[in-house]
Amino acid sequence: MALTNFETLLPLPFSPTILWIVFAVFTAVVLIMSIILLYHWSKYGFNGFYIGFASTLYLVGVTVLFSSTLISFFAYIQSL
Amino acid sequence: MITLEPHETVILTARKHWFVFAAELLGIIMLGVAPFVLLIVVSSFGVDVTRAIPGNAALFFSALLAGWLTLIWIATFVTWTHYYLDMIIVTDKNIIEAEQHGLFSREVSTFGRERVQDVTIDTHGLLATILNFGDVHIQTAGESREFILRSAARPEYVKECVLGNSRGNDTV
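A short tour of the structure in this document, coming up. (Residues numbered from 1 in each chain as written. Chains lettered and ligands numbered in written order. Predicted model: local features only at pLDDT ≥ 70, side-chain atom pairs only at ≥ 80, totals over all residues. Heavy atoms only, no water.)

## Some words on the sheet that holds strand β7 (residues 146-153) of chain B
All names here are of chain B.
Then, in step 1: In space, the three strands of this open sheet follow the order β5-β6-β7, with antiparallel pairing throughout. Each having just a single partner strand, β5 (116-122) and β7 make up the two edges of the open sheet. Each adjacent strand pair in this sheet contributes to an overall mean axis angle of 20°, direction not counted.
Then, in step 2: The sheet contact formed by strand β6 (residues 133-140) and β7 spans six bridges and is antiparallel. Within β7, the residue paired with Q139 across the bridge is E146.
Then, in step 3: This element, helix α4 (residues 155-162), spans β5, β6 and β7 of the sheet and lies at about 175° to β5. (Pairing = 2+ DSSP bridges. Helix = DSSP H or I, 4+ residues; strand = E, 2+ residues; numbered from the N terminus. Axes fitted to C-alpha atoms, helices over the stretch in contact; angles between N-to-C directions. Contact = heavy atoms within 4.5 Å.)

This is the structure:
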């Protein structure tokens, strides 16, 4: 098998419906994990400064990364 | 939630050594860069991955990698949460042990300082000796269980604080 025939080696599901489902699951995971983490920090955190700093850092990072995913995903869907 | 009694003063908040968190973080970082390395390796074998992608392949990989890094970011903070919420708090009246077993499993035990019978420390290995961390075992009267803070930073100092030989608000 020629190595260059990647499309036959790994057939990927590129139906927009499947991509939307994958993205919806990903969004749900990000939202649920964020809520769980913020809940833990607010309920069990013992030092307000470190918890506040971690919460801010987490929210900034997750917003930037998730926005990048969202923009790239929408742009890709448009290119199909 | 950890609540202190009125007029109770915190003497020490002891957590695992930062090296324990750093070692776990290194694993997560390696996992984070893995797809980038994989893409480089696959490309070096002359495989044109973009041919398998309909539409704009660059946008597809951007979305995939940004999504992957989002999950890595979350995993980093889950690891930090385990590290940060797993601790022993020594106050002038009590010793509070909070064990974070997972995101949905947490155990908080409080016992009076007068019940402490013995504190032993275990330091094993070259790194633990150089970086000064080890397990702190606290035996209490009337309790069958033993309280353990694994890989605690500055275990000798934690022992001194638990035995009441040190005063002041400190964090290790």
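Following the structure, the description resumes.
## Concerning a nonpolar patch on the surface
Residues and elements named next belong to chain B.
Then, in step 1: On the surface, a nonpolar cluster with roughly 520 Å² of combined accessible area is contributed by I29, V33, F36, V37, V41 and F45.
Then, in step 2: Tracing the chain through its elements places F45 in the loop between α1 (18-44) and α2 (57-85).
Then, in step 3: The exposure class assigned to F45 is exposed, which follows from its relative accessible area of 56%. (Patch = residues over 30% accessible without salt bridge, like charges linked within 9 Å, V, L, I, M, F, W, Y side chains within 5 Å. Areas by Shrake-Rupley, 256 points an atom, 1.4 Å probe, with all protein chains shown as cover. Salt bridge = Lys/Arg side-chain N within 4 Å of Asp/Glu carboxyl O. Buried < 20%, exposed > 50% of the residue type's maximum accessible area, 1.4 Å probe, protein only.)

## Re the layout of surface pockets
Then, in step 1: Of the volumes computed, that of the second largest pocket is approximately 270 Å³.
Then, in step 2: As for the second largest pocket, its lining consists of 14 residues, and the residues nearest its centre are Y50(A), A54(A), W80(B), Y83(B) and Y84(B).
Then, in step 3: For the lining of the second largest pocket, the secondary-structure elements that each account for two or more residues are α3 (48-79) of chain A together with α2 of chain B.
Then, in step 4: Examining the composition of the lining of the second largest pocket, we find that six residues originate from one element, α2(B), more than from any other. (1 Å grid on protein atoms, 1.4 Å probe; cavity = no way out; pocket = protein on both sides within 12 Å on 5 of 7 lines; lining within 4 Å. Points joined across faces, edges and corners; volume = space filled by probe spheres on them.)

## Focus on the environment of P35(B)
Residue and element names in this part refer to chain B.
Then, in step 1: Residue position: P35 is located in helix α1.
Then, in step 2: A relative accessible area of 21% places P35 in the partly exposed class.
Then, in step 3: Considered as a pair, P35 and L69 are 34 residues apart in the sequence and their alpha carbons are 10.0 Å apart.
Then, in step 4: Beyond its immediate stretch of four places on either side in the chain, P35 contacts L65 and W68.

## Quick word on the environment of F104(B)
Then, in step 1: Relative to the helices and strands, F104(B) resides in the loop between β3 (94-102) and β4 (105-112).
Then, in step 2: Between the C-alpha atom of F104(B) and that of S151(B), which follows or precedes it by 47 residues, the distance is 22 Å.

## A short note on the packing of aromatic side chains
Then, in step 1: Evaluated as defined, the whole model comprises 23 aromatic pairs over all chains.
Then, in step 2: Their ring planes at 85° and their centres at 5.7 Å tell us that W41(A) and Y58(A) sit as a pair that is edge-to-face. Of this pair, W41(A) sits in helix α2 (residues 16-44) while Y58(A) sits in helix α3, and the two are 17 residues apart along the sequence.
Then, in step 3: Its relative accessible area of 2% is what places W41(A) among the buried residues.
Then, in step 4: These aromatic residues form a ring-pair network of at least three members: W41(A), F49(A), Y50(A), Y58(A), W73(B), F77(B), W80(B) and Y84(B). (Phe/Tyr/Trp six-rings, centres within 6.5 Å; stacked < 30°, edge-to-face > 60°.)

## Let's talk about unusual backbone geometry
Residue and element names in this part refer to chain B.
Then, in step 1: Look at H7: it is not a glycine, yet its phi comes out positive at around 65°.
Then, in step 2: Tracing the chain through its elements places H7 in the segment before β1 (10-15).
Then, in step 3: You can call H7 exposed: its relative accessible area is 74%.

## As for the packing of α3(A) against α2(B)
Helix-helix packing is characterised by the crossing angle of the two axes and by the distance between the axes.
Then, in step 1: Packing of α3(A) against α2(B) leaves a shortest axis separation of 7 Å and a crossing angle of 160°. With respect to their mutual orientation, α3(A) and α2(B) come out roughly antiparallel. You can see that α3(A) and α2(B) cross each other, and the crossing is left-handed.
Then, in step 2: Here the contact of α3(A) with α2(B) is composed, by residue class, of 21 nonpolar, seven polar and no charged. (Parallel < 35°, antiparallel > 145°, perpendicular 65-115°, else oblique. Left-handed = near helix turned anticlockwise from the far one by under 90°. Nonpolar A, V, L, I, M, F, W, Y, C, P; charged D, E, K, R; others polar.)

The quantities given are spatial measurements derived from coordinates; they are silent on function.
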